[in-house]
Each structure stands twice: as structure tokens, then as C-alpha cells.
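Below, each chain spelled out in residue letters.
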Amino acid sequence: MTAHNIRHANTRHADSRHGDASDGAVGGRLSRVDGPAKITGAAKYAFEQQLDGLAHAVMVEATIAAGTVRAIDTRAAETAPGVLLVLTPDTIMEIKGASDWLGNPPTQKTYSPLARTVTYSGQHIAAVVAETFEQAVAAAALVEVSYDETPAIVDLSDPKAGDGIPIDAMTKEWGDAEAAFAAAPLRICAAYNTQREYQAAMEPHGLIARWQGEELTIWEPSQWLDGMARTYAEWFGVPFENVRLVSPYIGGGFGSKALALAHSAVAAASAKMLGRPVKLVLTRPQNFTSYGGRAATRQTVTIGAGRDGKIQSIVHRGVNETAIDGMWVEPLASVTSIMYATPNFSSKQNVVRVNTVVPGAKRAPGENPSAFGIESAIDELAHELGIDPLEMRLINYAEEDPEVNKPWSTRQLREAFAAGAERFGWARRTPKPRSMRDGKQLIGWGVAAGTYPVRRAYGEAVVRILADGSVEVESSSIDMGQGTYTILAQTAAETVGVPADDVVVKLGDSRYPRAGVAGGSRLAGVMTGAVYKAATSALDQLVGLAISDPRSPFHALQANTLVVANGRITAPRGDGPDVSVAELLASVGRDRIEATGDTMPANSTAEDRYKNYTTIATSVPHTEGDYSRHSWCAHFIEVRVDEDFGTVRVSRVVSALDSGRLYNPKLAESQWKGGIIMGIGQALLEEGIVDRRHGRIVNNNLADYLVPTNADIPDIEVISVGIPDLHSSVLGGKGVGELAIVGVAPAIANAVFHATGKRVRDLPITLEKLI
Amino acid sequence: MIDQTKSTTIPLHLTINGHRHELEVEPRVTLLDALRDRLDLTGTKKGCDHGQCGACTVHVDGERVLACLTLAAQVEGRSITTIEGLAGADGTLSAVQAAFLEQDAFQCGYCTPGQIMSAVACIREGHAGSDEEIREYMAGNLCRCGAYPNIVAAVRQAALEVAS
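Predicted, not measured: the structure shown is a model, and the values here were computed from it.

## Regarding the overall build of chain B
At step 1: Looking only at helices and strands, one finds five helices and five strands in chain B.
At step 2: Counting from the amino terminus, chain B carries its helices and strands in the arrangement β-β-α-β-β-β-α-α-α-α.
At step 3: Its C-alpha atoms give chain B a radius of gyration of 16 Å, within 12% of the compact-globule value 15 Å for 164 residues.
At step 4: For chain B, the C-alpha atoms occupy an extent of roughly 55 × 30 × 25 Å along the three principal directions.
At step 5: When the 164 residues of chain B are sorted by exposure, 60% land in the buried category.

## Let's talk about the packing of helix α8 (residues 367–385) of chain A against helix α16 (residues 744–756) of chain A
To describe two helices that pack against each other, one gives the angle between their axes and the distance between the axes.
Residues and elements named next belong to chain A.
At step 1: Look at α8 against α16: their axes get within 8 Å of each other, and the N-to-C directions meet at 30 degrees. Considered as vectors, α8 and α16 are oriented roughly parallel to each other. At the point where α8 passes α16, the crossing takes the right-handed sense. In this structure, α8 uses Ala371, Phe372, Glu375, Ser376 and Asp379 to contact α16, whose residues at the interface are Ala745, Pro746, Ala749, Asn750 and Phe753.
At step 2: Among the residues forming the contact of α8 with α16, the class breakdown is six nonpolar, two polar and two charged.

## Brief notes about the nonpolar core
At step 1: Judged by nonpolar contacts, the single largest core of 297 residues is most densely connected at Val128(A), Ile748(A) and Val155(B).
At step 2: Top contributing element to this core by residue count: helix α12 (residues 523–548) of chain A, with 15 residues.
At step 3: Among all residues touching Ile748(A), those that are not within four sequence positions of it are Gly446(A), Ile637(A), Val639(A), Val650(A), Ile680(A), Ala683(A), Leu684(A) and Ile765(A).

## A word on α8(A)
Residue and element names in this part refer to chain A.
At step 1: Taking 1.5 Å per residue, 19 residues should reach 27 Å; α8 reaches 26 Å between its end C-alpha atoms and fits that length.
At step 2: Counted residue by residue, α8 has 16 buried out of 19 residues, so it is predominantly covered.
At step 3: Positive backbone phi, at 70 degrees, marks glycine 386, one or two positions downstream of α8.

## Points about the environment of His694(A)
Residues and elements named next belong to chain A.
At step 1: Secondary-structure assignment places histidine 694 in the loop between β30 (690–691) and β31 (696–697).
At step 2: On the basis of neighbour count, histidine 694 is assigned to the partly exposed category, with 17 C-beta atoms found within 10 Å.
At step 3: The spacing of histidine 694 and alanine 535 is 159 residues in sequence and 57 Å in space, taken between C-alpha atoms.
At step 4: With residues near it in sequence (within four places) discarded, histidine 694 still touches Ala65 and Ser121.

## Here we look at the pairing of strand β2 (residues 19–25) of chain B
Residues in a regular strand project their side chains so that they alternate between the two faces of the sheet.
Residues and elements named next belong to chain B.
At step 1: Two elements, strand β1 (residues 10–16) and β2, share seven bridges in a ladder whose sense is antiparallel. Its bridge partner lying in β2, leucine 14 is registered against histidine 21.
At step 2: What sits between the antiparallel neighbours β1 and β2 is a turn of two residues, in which asparagine 17 has the positive phi angle 55 degrees.

## Overview of the UniProt feature "domain: Aldehyde oxidase/xanthine dehydrogenase a/b hammerhead" (unreviewed entry) in chain A
At step 1: Per the UniProt entry, the sites bearing "domain: Aldehyde oxidase/xanthine dehydrogenase a/b hammerhead" (unreviewed entry) are residues 40–151 of chain A in this numbering.
At step 2: Secondary structure content for residues 40–151 of chain A is 12% helix and 30% strand, and the end C-alpha separation is 51 Å.

## Quick notes on the sheet that holds strand β21 (residues 460–466) of chain A
Residues and elements named next belong to chain A.
At step 1: The four strands are arranged β23-β22-β21-β27 in an open sheet whose pairing can be described as mixed. Both edges of this open sheet fall to β23 (503–506) and β27 (592–598), since each of them pairs with a single strand only. Averaged over neighbouring strand pairs, the angle between their axes works out to 15 degrees when direction is ignored.
At step 2: Sheet topology places strand β22 (residues 471–474) next to β23; four bridges connect them, and they run parallel. Counted as the bridge partner of valine 473 is valine 505 from β23.
At step 3: Each of β21, β22 and β23 is contacted by helix α11 (residues 484–496), which is oriented at about 135 degrees to β23, the strand it contacts most.
At step 4: Across the sheet, α12 lies against β21, β22 and β27, angled at about 145 degrees from β27, the strand it touches most.

## Some thoughts on the pairing of strand β12 (residues 243–246) of chain A
All names here are of chain A.
At step 1: Pairing geometry for strand β11 (residues 215–219) and β12, over four bridges, is parallel. Counted as the bridge partner of threonine 217 is arginine 244 from β12.
At step 2: Handedness of the β-α-β unit built from β11, helix α6 (residues 225–236) and β12 comes out right-handed.

## Some thoughts on the interface of chain B and chain A
At step 1: Contacts between the two partners involve 57 residues from chain B, matched on the other side by 58 residues from chain A.
At step 2: Contributions of two or more residues to the side of chain B that touches chain A are made by α1 (31–38), α2 (95–102), α3 (112–124), α4 (131–137) and α5 (148–163) of chain B.
At step 3: The biggest single contributor to the side of chain B that touches chain A is α2(B), with six residues.
At step 4: When grouped by side-chain class, the residues that make up the side of chain B that touches chain A number 26 nonpolar, 17 polar and 14 charged.

## Things to note about the domain arrangement of chain B
Residues and elements named next belong to chain B.
At step 1: Each domain of chain B was delimited in the assignment, giving domain 1 (10–85) and domain 2 (95–163).
At step 2: Taking only C-alpha atoms into account, the centre of domain 1 sits 21 Å from that of domain 2.
At step 3: Each partner contributes to the interface: domain 1 provides 14 residues, whereas domain 2 provides eleven residues.
At step 4: Only β3 (57–60) and β4 (63–66) provide two or more residues apiece to the side of domain 1 that touches domain 2.
At step 5: Among the elements that take part in the side of domain 1 that touches domain 2, β3 stands out by supplying three residues, more than any other.
At step 6: Split into classes, the residues belonging to the side of domain 1 that touches domain 2 amount to five nonpolar, six polar and three charged.

## Details of unusual backbone geometry
Residue and element names in this part refer to chain A.
At step 1: Cis geometry marks the peptide bond from leucine 763 to proline 764; its omega dihedral reads -10 degrees.
At step 2: Tracing the chain through its elements places proline 764 in the segment after α16.
At step 3: One non-glycine residue with positive phi stands out, namely phenylalanine 254, at about 55 degrees.
At step 4: When you line up the elements, phenylalanine 254 lands in the loop between β12 and α7 (262–274).
At step 5: Given 29 C-beta atoms within 10 Å, phenylalanine 254 falls into the buried group.
At step 6: The phi dihedral of serine 521 falls on the positive side, at around 55 degrees, and the residue is not glycine.
At step 7: Tracing the backbone shows serine 521 in the loop between β23 and α12.

## Some points on the packing of α11(A) against α12(A)
All names here are of chain A.
At step 1: At a closest axis distance of 9 Å, the pairing of α11 and α12 adopts a crossing angle of 30 degrees. Viewed along their axes, α11 and α12 adopt a mutual orientation that is roughly parallel. Handedness of the crossing formed by α11 with α12: right-handed. Facing α11, whose interface residues are Thr484, Ile487, Leu488, Thr491, Ala492, Thr495 and Val496, α12 presents Leu523, Ala524, Met527, Thr528, Val531, Tyr532, Ala535, Thr536, Ala538 and Leu539.
At step 2: Split by residue class, the contact of α11 with α12 holds twelve nonpolar, five polar and no charged.

Rules of the game
- Just so you know, the residues in each chain are numbered from 1, in the order the chain's sequence is written.
- The order in which chains are written sets their letters, starting at A; the order in which ligands are written sets their numbers, starting at 1.
- Totals for whole chains, interfaces and linings use all residues, but because this is a predicted model, local features are given only for residues with pLDDT of at least 70 and pairs of side-chain atoms are given and counted only at 80 or more.
- A run of DSSP states H or I qualifies as a helix once it reaches four residues; a run of E qualifies as a strand once it reaches two. Both are numbered from the N-terminal end.
- Restricting the calculation to C-alpha atoms gives the radius of gyration, and the globule rule supplies 2.2 Å times the number of residues raised to the power 0.38.
- Residue burial is a threshold on neighbouring C-beta atoms within 10 Å of the residue's own C-beta, all placed from the backbone, with 20 or more meaning buried, 12 or fewer meaning exposed, and counts in between meaning partly exposed.
- Only the stretch in contact is used when a helix axis is fitted, and all axes are lines through C-alpha atoms; the angle between N-to-C directions ranges over 0 to 180 degrees.
- Any angle from 65 to 115 degrees is called roughly perpendicular, while one under 35 is roughly parallel, one over 145 is roughly antiparallel, and all others are oblique.
- In this scheme the crossing of two helices becomes right-handed for a clockwise turn of the near helix relative to the far one and left-handed for an anticlockwise turn of less than a right angle.
- It is the C-beta atoms, placed from the backbone, that decide contacts: two residues are in contact if theirs lie within 7 Å.
- Here the nonpolar group is Ala, Val, Leu, Ile, Met, Phe, Trp, Tyr, Cys and Pro; Asp, Glu, Lys and Arg are the charged ones; every other residue, Gly included, is treated as polar.
- Nonpolar cores are built from buried Ala, Val, Leu, Ile, Met, Phe, Trp, Tyr and Cys residues. These are joined into a set through C-beta atoms within 7 Å.
- A helix is expected to span 1.5 Å multiplied by its residue count minus one.
- For two strands to pair, DSSP has to find at least two bridges joining them.
- UniProt positions are given in the numbering used here, feature names are shortened, and annotations may be inferred rather than shown by experiment.
- Note on handedness: a crossover is taken as right-handed if, strands pointing away from the viewer, the path from the first strand over the helix to the second is clockwise.
- Source of the domain bounds: an automatic or database domain assignment.

Next up, the structure:
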């Protein structure tokens, strides 16, 4: 059971002002239906389950960045109080190799979650399981490890790093970019860097694993239940159906919680070896090295333009770091290639192996650093030409996708520029850097655009109309704060015709109908479509029964259809009975109506479905068919820079965003603001700092890895300029979650340039770069 | 030096949300782990275990305290309030809780109990007089979803309600 089902039973709103009936429809501002559980402490997150006989595991990690483990002395740990098991590469049970998230078969027959060969500092090499958490922590400190250390490549600037490996699939070219650049009257070229950043979700990674015979239950915060269940099934050689993933609430993911990781395998293995449920939660420092944050990136952006400001050529080269033994490509040209009408274009990208955990997805992987490059460069070009940076963007407005030469499905970017500029007061900006000030504070106004593709996939849901007239929705999709519980309740309520209060949505259990990954900002579009389809089918059954069942009060009416609204059934002309859904079901002797809906193509096989829900291989390209589909946004940001100290404060943000139709504006606005705030962190604060002697992240905690606090954030105004986009999703929405972070960092960098006359091309913009 | 070969426990009586709880734990058990692992009061969250994030904020004798930096043994005989003790016995939400819901002052919800406990104390301390003051006195509670502007709005709203 999902804990927020209790809302009807034991929570009442002290304040009834929020919400009215219309809020429950799609597009209404319904408050979070999982809210009462979250604000009362009743919401049980995945690894907060209390199980009898629960043992506690703690990981031991490598303190070198490269080399081999010579020996692990576990004697002291094994004899420490309460210790049940000490796992090393030699003593952990055999785990099989598992396929990757694309469904590619494993490259190795076995998988070793505890390493003998160390390729990054913080890599897991041992684990201790004890009766209590405290005993496990104490014993883990007694594990003695000796190493044969070898020199590490600490980061992209390490002389040993080299130029890396070309990723040909990232190459994008049209026209003759080099020749057009050479011929252009105005040319700029600059290098832009982003650092290692971390998702830093407030809930750490962790899990509880329990075996019952050959059946495995995992309580783990997850952005992708079915994908992770597949991994566990393959690791332990049990059928997919034997693995149950439970994740009713997720304390933030931002891309980091979609995959089963090494510590996940260790927890499940130790539970099997002990015959007891095991809980393993990573410490906060381990959350910086047990999975990857955003890769550090380097880009050069070269633009040739005419004196009229029109771009004639873009030449773009990018590099991102990846791991010694893992591949991550952060697509650095994803915004560069589509934001502006560019007749000649060339982009190439390399990846460079360094001694780090393999980087991973963090909010808008690719689009985020890509926008920092191109949206800074276009600002530099505007300055060179003496053209207003907003005007510069309109001069080069892409009327269609310049990369694939297809029309946009919808692109309300011009509207976003107009709405944002007006609200921000952009017309009052004086163009010259250092021309606006308030006492000792230099004021800068910057603008930048952002975009994120509409990633599409297929989903499945069951909708039940129950005897009491309430509606139940089940799906193995998840809610990590995006509002899935709420928008699916709204979708079912509107489609069936009942109040949203009468809908209970159950998510986060892999026993429910399947769903793919909650990533790439695609879940809302996928799942509202699936619930709409299932709910429509349930409604059809309900109306069908009401018309055709001889016991129905509507039977004599011989109507073709009936109206279901607000939980009551009536004839279209209002000339017949008026009964509640519950009364109708009672009259025809049914205790429920149930419909499963999915958006898979017709004739899909069971294998197609399995592949769709457990891999990302079936994702539909955003340029498939006749259109190119993207969300768009424009950020207008004011900074205040202390003239003496170089400290930067963001003092005002107005962003106008096109995510198509919003299923719930209240929640979408919150997600947009959250993206903007994470972007402020990226621009001004966030940077994984590597100790160059040991290749170790030294600020691996929430006091030294700075994320924005409440005191860092001003009022933020967000404006929706979207229109329904039925090429993008069944109900007309486009992606919300990742869009708003894209373009924030360049808008701030551009504002800092306007304030100070200094162009910072190397994030984060810290004071020593300004004085 | 702690003797690593022995585990000793001590009996404790904790008064939490007006209820008396008896438990037998090692002296090194934090209030946070006592709440979450021994008493099934999982509303108080562990985000960092180092006093850096504020997710574990509870009230001890009415003042906000980080449960991860407090040993359970330190609070024996004192009055502890957690997020589970904030709503009325009939489930009526407190002014701060209702304001958080109305203002959408959370997304994932994991930092939320700590934010709410801090907000109640912030108002009680008289530090909710302006948005600037609220931002400053709520700055010890991190929210990675970025609900800060809505948290400020919720604290402002609740402070007005409490005052009236």
C-alpha cells in the first residue's frame, strides 16, 4: 500500500482554501495528492520499511584512485561485536553479468561489485554486515586494506589524459563550416568549461534486499523499477517475475536513481548469503563516488557571422570525461546544432578516460553543458557586433530544425522571449557593461535560451472503477517529486468523470502494470497517455453496461451514450435517471470495472513489451516522422556583483517556458523553479574538487560541495507560454523536468559579463575569477 | 579508546510526541537512528548524517535540534517532537503543514519534515518577519528539488496565521 492512501482516513486540511472541483481536471492546480503523507511523516520511503531480522551493511571503499588491492585483512572486523559477514572480492557469492540499459548482452560472464583492480577513489572493495548499523560502521573501520598503487589520471587537465577517443556517432556536419567561417566578416572563438557536478539528492542511495526462496524483494528508491528488476534478475539468475522492486516515494533522483549499482548487488548478495533481509544505505561521502554525477566538459565554440548578426557558420568541438572502465558520452552539441538557423555546421566530440566513477545522468545531460557553450558564445557575438543579445537571438531564430530540416511540432520560443522580456523589463537595460549599478553593487542583466527534446516511449496502466464509485489507478511508474501521483489522478478523474478526490493512484511497485524509465522528462507524457487510454476503456465499459444491462436504470432509455460527470451518470439531455457510479454498479451487480491500457504499437509481442519497459532501446526519436519536437525556454536573470569582493548574487529571475500543455501548472511551475535553482548552483557554486595527489574528490559532503540554500535564492517568476502539442504526447504536453535548468548558467554568465565586463567561461563563477 | 570487542547497551526512556518510549541501545546510537531504526518514526529523515543538510531537524524542549548530531542518551528526560507529532490528534494539519501543502513547498518530500520542523521553530523564534529573514533562518535546511521560493511563501503564510 502506498502511504498516502491514508489521506482520507487521518488527515484533514486545516485550511480548505486550496483547491476546488475544477482543480482536479487535467490542467488544474490540484495540490499534491501525496502531499499530506509527506508533510506528516507518514510517507514511508523505500528503505524505511521495518522488517524482522533486518541486518545492516556498510560498504568499504578504496582510498587510492588507481592500482590493485594487494590484501584485505578482515580478521579484526570479523570478530567485532555483532558482525555477521565480511565480504571481499574473494568471499562474495558469484554474480552473473547483466545486460546494459540498451539491452545489450553482458560483456563479462560474471560481475564483481567489489573490485580487485581499482580505477577510482571510492570504488567499493569490501562490505561488512552486522546486527546493527552502529556495529557495521564500527567494524567497517577495522577492515585493513593494502594496495599496489599506480599513477592516476585525475581529471581532464591531467597531462596524462590526452585527447581521448573520438565518438563518431556524435559528429554532426552540414554545409562547409570551415570555409564559411574563414569567409565570415566577424569571427569569434572561445572555450567553455563545466566541472564535475553531483545530483546530491537529499535521500541517499540505498536499499533493503530480502530473499524468500528464489524470490527477491528490493525496497530501493528507483526511477526505473522494471529496468532495475531486470538487472537484479540477471545478476542472480532468477526469472524477471521473481524480482519485485518497491519504491513508493523517491527522495530526489535527478537522473541518479535509474540503475541498480554495485552496492545494490552487494546488498542483495549478502541477503542471499545470510538468509536475512539486509539494509544498506550509502553514506553521504559514498554518494559522491558510488555513481557518477555530471561529467566535466570542455567545449570550443567558433562562430562566423555577418555584420548583420546572421550566423554563417558554427564549428564546435567538445570533450567530456569518462571512466577508465566505463563509457559515458555527454552529448555536447545537442543544443548547439538546433538553437539557431545555421547554414554551415560542424561538431565533433571526444571522450577522455580518467580515474573516476563512470559519470552519469544529471538533469538535462548534454543539453545543459551544450547550452552553456552556445548561449555564452552568442552573447559574446552580440557584444562584438553591438547588437542587443535578445535581438541577436531573434535575428538567428530557427524557423525549423536546421539539423534535420523538419518543422518544429511547436516552438513558442519567440513568445517566451517576448513574455520574459516584458515581465523582466529588458527594454530598460543599458547595453554597456558596468553601466548599471546600485552603490557598490554592479548590476548585470543576462538572457539565454534553453531547450530539451521530447523523448517518447510507451506505458501501461490499469484503471479500476470500484463498487463505491471510486477509481483506482496502478502503474509501476514512480513519483520522485514530479507529481506523477497527482497528474495521473487528474487524468483518471477527468477521463472517467469523477472528482479527483475519489481517485487513488498506486505507483512504485513492479507488480503493477509496467512503465519505462522516469527519465528524459518523458514520464508525464507517457503515463498520462496510458492512463487516458485505460480510463477511456473503463468509461466505455461503464457506459456500455449502463445502456445495455437489463438491470440498469438507463436500459429503458435506449440512449446511444450517457454522461458521466462528478461521479454521477445522466442522459445527455438530462431526461432520464441521475444515479451515482456506485449505484449503477450495484444495480447491474458488478463490484468493479477494470481496464488495462497501453500505448504500445498494435501487434506488439510480449518480447516487445519486455524490451520496452526494461531497456531504453525502444524510445521514439524526437525527430521521427514529420516534426522535430522540443520544449523551449528563455531565462532573464539579474545579478548583483560586489565591486570590491567579486561576490555574485542572483537577485531576480524571470523565465518563460514552453512545455506544451501543462497537466498541472502548480506542480510544473515548482519543477521549473527547481531546475532554475539547480542551474544557479551550477553557475555559482557546484564543483567537485579533486585532490591532484590522490585523485580523490575532497568536497564529498553537503558542507563542502555547495548546493544552493534558501538564502541564495531570490524570487523566481515562471511564465508558461506553451500550447498543446499533440505531436508530442497524447494530451499535448512536452517535457517539464529537465528544461528549466538548460540555459540558466549562461544567462548568469552573460549577466555577470554585463555587470562587470568580465567574461567567465569556466564554471562555477566564483569570486576569484572576478577580482 | 572504545573497546571494539564489546558491545554494551543502556536503557533509555524517551518522551516523543508526548508518548514515553523505552529502549535498550548502545550509547553511541544517535537520536536519529533511534527514531528511524528502533522506534519506526521514519518521518525524521537522514540526508547526510553530519549535520550539514537539516533533514533530521526535530524539536527538543521546543528548540530545533539536528537529530543526527544528538545522541539518544542526551535527550533522556527531555521533550522531543518529531514531524509525526505536529498535526492534531484528529489529523488536523498544523498551520505550517497546511501552508506547505497549499504553497507546494516540496517536491520529493525528503527534506520536508526537517523544513517544517525548522519553519515551526523559525516562526516561534520570531524570525519570520520578512522574506529576507525567513530565507536566512531557513538556510540550514537544504532542498535539492529547489522548493525554496515556495517554502518562503509557506512560512510567510503560516507566520501570519499563527499571529492572527
